[in-house]
Amino acid sequence: MVGGGQLARMTHEAGIPLGIRFKLLSDTPQDSAAQVVSDVVIGDYRDLDTLRAFARGCDVITFDHEHVPTEHLRALEADGIPVRPGPDALVHAQDKGVMRAKLDEIGAPCPRHRLVADPADVSRFAAEGEGYPVILKTVRGGYDGKGVWFVRSESDAADAFKAGVDVLAEEKVDFVWELAANVVRSPHGQAVAYPVVESVQVDGVCDTVIAPAPDLAEELAGEAQQLALRIADELGVVGHLAVELFETRDGRILVNELAMRPHNSGHWTQDGAITSQFANHVRAVLDLPLGDPRPRSTWTVMCNVLGGDYPDMYYAYLHCMARDPQLKIHMYGKDVKPGRKVGHVNTYGDDLADVRERARHAADYLRGTITE
Ligand code: ADP
């Protein structure tokens, strides 16, 4: 796996019971996955020679992020190394312009959008629709809300053009909630769909995920799963695909973005589904039959644990574990920095209000924002 973040750490964990030898290319030995994987190469994935040397001896390559340059992936394929997902699929998760063009082509519903050249063009885009506000996104390199601007006027738009990357304008969707339809597809074309989840974002960062999405009409949930399966198929995705969605006030589903790797909106599956997203990603990448994606309990809630003011979060285990013996804690071994994702918790049960409260409480207590 290329990339040493928490997604690699948890994918490695899912491969252990299958006896899979997991090799990692990581930026530094301190990275979340590099701390726990025994076969680690430290190096820069942007350097083709490093990537080639790493890939030699691997049966298959997969990723914990989308940043490996497309041409490098093509070079690995030319060397005869299976790359999953392959470059033709992955480019849709790397470049929001390419993604929107493809989704238009296959008739997947998207917010109104087009590439824009400069701030004056943003005003023209606004005038073609409902006017400002408009959302601007750099087509490459954004994550966790970085590379996304809420723009209220032409003068606001200047920042988005500073990075020198193409800029995509989108109508600001008046959504009721954000959803994620997660599916896994194998090279064979076998695919499974997880229940559609609600993803609650705070300041552009995923905060809470509720599985299944509590107020989503059954018909719309089915539509979202079908849409995600169709996108996975049309784009030739191998592995986990997260389709981030908006539900609009008039009951439509629109695609926000795609991620082709295990995804934060699927962390609940570690404790809440028969087969986790990580286990199914491993199976798909190795072209093994996929595992059952169905939930184990009525409700599962995941809350991210963000870094707070205390560098040592382990002191909080005593309280959290004693208060809630069913709580599942997943920490990533990262240094605690304020606002950084350092772990998550999962809770499950039959009473949604209780399940939510327990996850919220544990995440806040671990962060140190509450003390009882
Ligand atoms: P990132 O690549 O950082 O995850 P996203 O495209 O997912 O960027 O945008 C981050 C957040 O910004 C979304 O989760 C959503 O809350 C908001 N957002 C993005 N696009 C739109 C849009 N067209 N209309 C309204 N809100 C949006």
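Scroll up to find the structure.
1. Thoughts on the site of the ligand
Neighbouring residues of the ligand: 19 residues in total, closest Lys137, Gly145, Val173, Glu178 and Glu257. One of the backbone nitrogen or oxygen atoms of Glu171 is found 3.0 Å away from a nitrogen atom of the ligand. Those elements that provide at least two residues to the shell around the ligand are β4 (134-138), β6 (167-171), β7 (175-185), β11 (239-248) and β12 (253-259). Of the residues assigned to the shell around the ligand, the class counts are six nonpolar, four polar and nine charged.

2. Examining the nonpolar core
Grouped together as the largest cluster of nonpolar side chains are 45 residues, with contacts concentrated most on Val2, Ile231, Leu241 and Leu245. Listing elements by their share of this core, those giving two or more residues are α2 (48-55), α3 (70-78), α4 (87-94), α5 (96-105), β7, α7 (218-235), β11 and β12. Top contributing element to this core by residue count: α7, with eight residues. Excluding residues that lie within four positions of it along the chain, Ile231 makes contacts with Leu103, Ile106, Ala108, Leu241, Val243, Val255 and Leu258. Of all hydrophobic cores here, the second largest spans 21 residues; its members include Cys303, Ala359, Ala363 and Tyr365.

3. Remarks on the packing of α3 against α4
Relative orientation of the contacting elements α3 and α4 amounts to 165°, with a least axis distance of 10 Å. The orientation of α3 with respect to α4, classified from their angle, is roughly antiparallel. α3 and α4 meet at a crossing whose hand is right-handed. In this structure, α3 uses Thr70, Leu73, Arg74 and Glu77 to contact α4, whose residues at the interface are Pro87, Asp88, Leu90, Val91 and Gln94. The class makeup of the residues in the contact of α3 with α4 is four nonpolar, two polar and three charged.

4. A closer look at α4
With seven of eight residues buried, α4 lies mostly within the body of the structure. Buried within α4 we find Pro87, Ala89, Leu90, Val91, His92, Ala93 and Gln94.

5. Points about α2
Those residues of α2 that fall on the buried side of the exposure criterion are Leu51, Phe54 and Ala55. All buried residues of α2 project into a common sector of 95° when viewed along the axis, lining one side. On its buried face, α2 is in contact with β1 (23-26), β2 (39-42) and α3. Immediately beyond the C-terminal end of α2, within one or two residues, lies Gly57, with a positive phi of roughly 90°.

6. Focus: unusual backbone geometry
With an omega of 0°, the peptide bond running from Arg84 to Pro85 counts as cis. On the secondary structure map, Pro85 appears in the loop between α3 and α4. With omega at 0°, the peptide bond leading from Tyr132 into Pro133 counts as cis. Positive phi, normally seen in glycine, also occurs at Asp203, with a value near 50°.

Definitions and limits used
- Residues numbered from 1 in each chain as written.
- Predicted model: local features only at pLDDT ≥ 70, side-chain atom pairs only at ≥ 80, totals over all residues.
- Heavy atoms only, no water.
- Near = heavy atom within 4 Å.
- Polar contact = N/O pair within 3.5 Å; in protein donor to acceptor, adjacent residues only side chain to side chain.
- Helix = DSSP H or I, 4+ residues; strand = E, 2+ residues; numbered from the N terminus.
- Nonpolar A, V, L, I, M, F, W, Y, C, P; charged D, E, K, R; others polar.
- Core = buried A, V, L, I, M, F, W, Y, C linked by side-chain atoms within 4.5 Å.
- Buried < 20%, exposed > 50% of the residue type's maximum accessible area, 1.4 Å probe, protein only.
- Contact = heavy atoms within 4.5 Å.
- Axes fitted to C-alpha atoms, helices over the stretch in contact; angles between N-to-C directions.
- Parallel < 35°, antiparallel > 145°, perpendicular 65-115°, else oblique.
- Left-handed = near helix turned anticlockwise from the far one by under 90°.
- Arc of directions from axis to C-beta.

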